[in-house]
Amino acid sequence: MDQSFVNSALELTAPSQPREDALARGGSDELLALLYRQMRALAGPRQDLDDLVQAAAERALKALARFEGRSSLSTFTYGIVYRTLLDQQRWYRRFQRRFSLDAREEPDELAFPRSSETDLRELQRARRLYAALDELPKEKRATLILHDLEGLDVADVATISGANERTVRSRLRDAHKKLAEILRQDPLFDPEVPV
Amino acid sequence: MTAADLARLERAVRAYKATQPRDAEVNAAVRRARLSLTRPKRRRSWFSKGLVLVVLAIGSLAYAKPQALGELLERVSPRDGAGKSGRLLTGAASAPAAAALQTAKALRARSKASTPSKLDDGAATADDALEASAAAPPPGAAVSPEASASPAQPRAAEPTAVLAAPTKTEAKPRATTDWGRVGQALARGDNGEALSALSQLAESDDPRTRDKADLGRAQLLMAHGEPEEACALARSLTHRRAGGRIERQAELLLKSCKR
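Residues numbered from 1 in each chain as written. Chains lettered and ligands numbered in written order. Predicted model: local features only at pLDDT ≥ 70, side-chain atom pairs only at ≥ 80, totals over all residues. Heavy atoms only, no water.

Before going further, it helps to examine the overall build of chain B. A count of helices and strands for chain B gives 12 helices and 0 strands. Secondary structure elements of chain B, listed N to C terminal, follow the sequence α-α-α-α-α-α-α-α-α-α-α-α. Per-residue burial for chain B yields a buried fraction of 37% across its 259 residues. Contacts in chain B between residues at least 24 apart in sequence constitute 57% of all its contacts with a sequence separation of at least 6. (Helix = DSSP H or I, 4+ residues; strand = E, 2+ residues; numbered from the N terminus. Buried < 20%, exposed > 50% of the residue type's maximum accessible area, 1.4 Å probe, protein only. Contact = heavy atoms within 4.5 Å.)

What follows is about helix α4 (residues 66–76) of chain B. Those residues of α4 of chain B not exposed but buried are Pro66, Leu69 and Gly70 of chain B. Across the axial projection of α4 of chain B, the buried residues extend over an arc of 100°, all falling on one side. (Arc of directions from axis to C-beta.)

Looking now at the confidence of the model for chain A. Summary statistics for chain A give a mean pLDDT of 80 and a share of 76% for residues scoring 70 or more. Within the model, pLDDT remains below 50 along residues 10–20 of chain A, and this stretch shows 19 contacts once partners closer than five positions in the same chain are excluded. (pLDDT = per-residue confidence, 0-100.)

A word on a positive patch on the surface. Residue and element names in this part refer to chain A. A surface patch of positive charge is lined by Arg93, Arg94, Arg97 and Arg98. Tracing the chain through its elements places arginine 98 in helix α5 (residues 73–98). Since its relative accessible area comes to 71%, arginine 98 is described here as exposed. (Patch = residues over 30% accessible without salt bridge, like charges linked within 9 Å, V, L, I, M, F, W, Y side chains within 5 Å. Areas by Shrake-Rupley, 256 points an atom, 1.4 Å probe, with all protein chains shown as cover. Salt bridge = Lys/Arg side-chain N within 4 Å of Asp/Glu carboxyl O. Lys, Arg positive; Asp, Glu negative; His and termini not counted. Charge placed at Lys NZ, Arg CZ, Asp CG, Glu CD.)

What follows is about the nonpolar core. Counting 60 residues, the largest nonpolar core has Met39, Leu42, Leu129, Leu133 and Leu179 of chain A as its most contacted members. Ranked by residue count, the leading element in this core is helix α3 (residues 29–43) of chain A, at 9 residues. Of all hydrophobic cores here, the second largest spans 14 residues; its members include Leu215, Leu221, Cys231 and Ile246 of chain B. (Core = buried A, V, L, I, M, F, W, Y, C linked by side-chain atoms within 4.5 Å.)

Attention now goes to the side chain of glutamine 20 of chain B. Looking at where glutamine 20 of chain B falls in the secondary structure, it is placed in the loop between α1 (3–18) and α2 (23–38). There is a polar contact of 3.3 Å between the side chain of glutamine 20 of chain B and the backbone oxygen of tyrosine 16 of chain B. With residues near it in sequence (within four places) discarded, glutamine 20 of chain B still touches Arg40 and Glu150 of chain A. (Polar contact = N/O pair within 3.5 Å; in protein donor to acceptor, adjacent residues only side chain to side chain.)

On to the pattern of salt bridges. Evaluation of the coordinates by the stated rule reveals 21 salt bridges over all chains. For arginine 128 of chain A, the salt bridge is made with aspartate 186 of chain A, and the minimal N-O distance between the two is 2.7 Å. A residue pair is termed long-range when its members are at least 10 positions apart, and arginine 128 of chain A in helix α6 (residues 120–133) and aspartate 186 of chain A in the segment after α9 (165–184) qualify at 58 residues. In this structure, arginine 217 of chain B engages aspartate 214 of chain B in a salt bridge whose closest nitrogen and oxygen atoms are separated by 3.2 Å. With arginine 217 of chain B and aspartate 214 of chain B both in helix α10 (residues 207–223) and 3 residues apart, the pair spans about one turn of that helix. Taken as a pair, arginine 217 of chain B and aspartate 214 of chain B share a single burial class, namely buried.

A separate point is the packing of aromatic side chains. Note on aromatic pairs: each is described by the distance of the centres and the angle between the planes. Residue and element names in this part refer to chain A. Counted under the stated rule, the structure contains 6 aromatic pairs over all chains. Centroid distance tyrosine 92 to phenylalanine 95: 6.0 Å. Interplanar angle 20°. Geometry classified as stacked. Taken as a pair, tyrosine 92 and phenylalanine 95 lie in helix α5 at a separation of 3 residues, close to a single helical turn. The class of phenylalanine 95 is partly exposed, set by a relative accessible area of 24%. With 5.1 Å between their ring centres and 40° between their planes, phenylalanine 95 and phenylalanine 99 make a pair best called tilted. Among the aromatic residues, ring-to-ring pairing joins Trp91, Tyr92, Phe95 and Phe99 into one connected group. (Phe/Tyr/Trp six-rings, centres within 6.5 Å; stacked < 30°, edge-to-face > 60°.)

All names here are of chain B. Residues Phe47, Leu51 and Val55 make up a contiguous nonpolar surface patch of about 340 Å² in total accessible area. Among the secondary structure elements, phenylalanine 47 is positioned in helix α3 (residues 46–64). Relative accessible area serves as the criterion here: at 63%, phenylalanine 47 is assigned to the exposed category.

What follows deals with the packing of α6 of chain A against α9 of chain A. All names here are of chain A. Taken N-terminus to C-terminus, the directions of α6 and α9 make an angle of 135°; their axes are 10 Å apart at the nearest point. Relative to α9, the element α6 lies oblique. For α6 against α9, the interelement crossing comes out right-handed. For the pair formed by α6 and α9, the contact residues are Leu129, Ala132 and Leu133 on the first element and Leu179, Ile182 and Leu183 on the second. Counted by class, the contact of α6 with α9 contains 6 nonpolar, no polar and no charged residues. (Axes fitted to C-alpha atoms, helices over the stretch in contact; angles between N-to-C directions. Parallel < 35°, antiparallel > 145°, perpendicular 65-115°, else oblique. Left-handed = near helix turned anticlockwise from the far one by under 90°. Nonpolar A, V, L, I, M, F, W, Y, C, P; charged D, E, K, R; others polar.)

Residue-level contacts link 46 residues of chain A with 30 residues of chain B. Overall, the association of chain A and chain B removes approximately 3500 Å² of surface from exposure, summing both partners, and the carbon and sulfur fraction of that is 58%. When residues of chain A are sorted by the area they lose upon contact with chain B, Tyr36, Arg37 and Leu149 of chain A head the list and together hold 16% of the total. At the junction of chain A with chain B, the criterion picks out 5 salt bridges. On the surface where chain A and chain B come into contact, there are 11 residue pairs in polar contact (both at pLDDT 80 or more). Only α2 (19–24), α3, α4 (49–63), α6, α7 (138–149) and α9 of chain A provide two or more residues apiece to the side of chain A that touches chain B. (Buried area = accessible area lost by both parts, 1.4 Å probe.)

Dropping the structure here:
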């Protein structure tokens, strides 16, 4: 990762600099873009994605001064994104115990970007995939996304999730098993059907 | 996982990659995030939080232990004659401490007046004496006309009296109330004086004051090893149907009397 990117992001955390000035200089765009991509990968397309990115960005800006370079910056920010998402999910579970959302407020479908380039069948498959992923426990879901969909190795996933490598492998095995069961029911993923 | 499962997973990965965000979407999201991050957030400063904590701490101390607050203020307040005599301020010069103490007592009295107290009348009698002694003027200080009013005056009226007391520090000392005398005598440990003040109160026209004074005498006598007289007083209180908590206290005293 480019060192100037880290430096410009670190400027945001300097107490002497007003955050607005540092942000205005545009040095943090790469960090925000990285956080957005990572949050989008882990959380999927959803209505409150911007809120999650903002929460993760605030945490990242605070934590960046403590970044010692022992892992890559991408792994470091992935860790922040992972914890932000899990905290939000925990909060939301507690929220749901007390309150129930009005049916009109529930998003009826995932907010995928509308693009003519995207094959409709792939779009449909992606929707079903996210629906299947939502049925997995949150740690297993994140492990599967990071390893299988984002292509990170087990060691990085262990660093991000703060778990043992064996735990990560175990989570992966369980997640594969569950996901395979779900996808087996879905004709869209049938390997006999032509792409 | 079987080969078919792997093929399904491969399709899932392809679908996932196909729906990754485009640059335009990321840029728009970055702009939104920048806007929300540059928006100033109102956060309460540590100073105001600390101030609230200090006020709460002093308030609860004043409510729970008014004497402790008075002592603290006395210690903090400057010494008489800028260290000439080295003596702590008393009387008129310690007016702030007395005011703080009396304000705390007034608050307590007000809360007692607003909520029905579970204290018994025996305790109430002692409270009356102590509050009256607090309302009584220190040497060199004066008491307001309200404070020297009749002893049977309602509790709710006391705060006005005790709050007004430290403002007229230049006036000459006046006679204390009978309950004030009882309180002062008890504070000095002068039982004889306390008993004589209570005896005077026992001759009051107000039956409730009489009953309270008799109960106080009985309790004082019992505490100082004169059970016969104490029991006689307690018995008379139960016979005359003093009523309520006074009678219950008298019955409690009678339990320790020989039959």
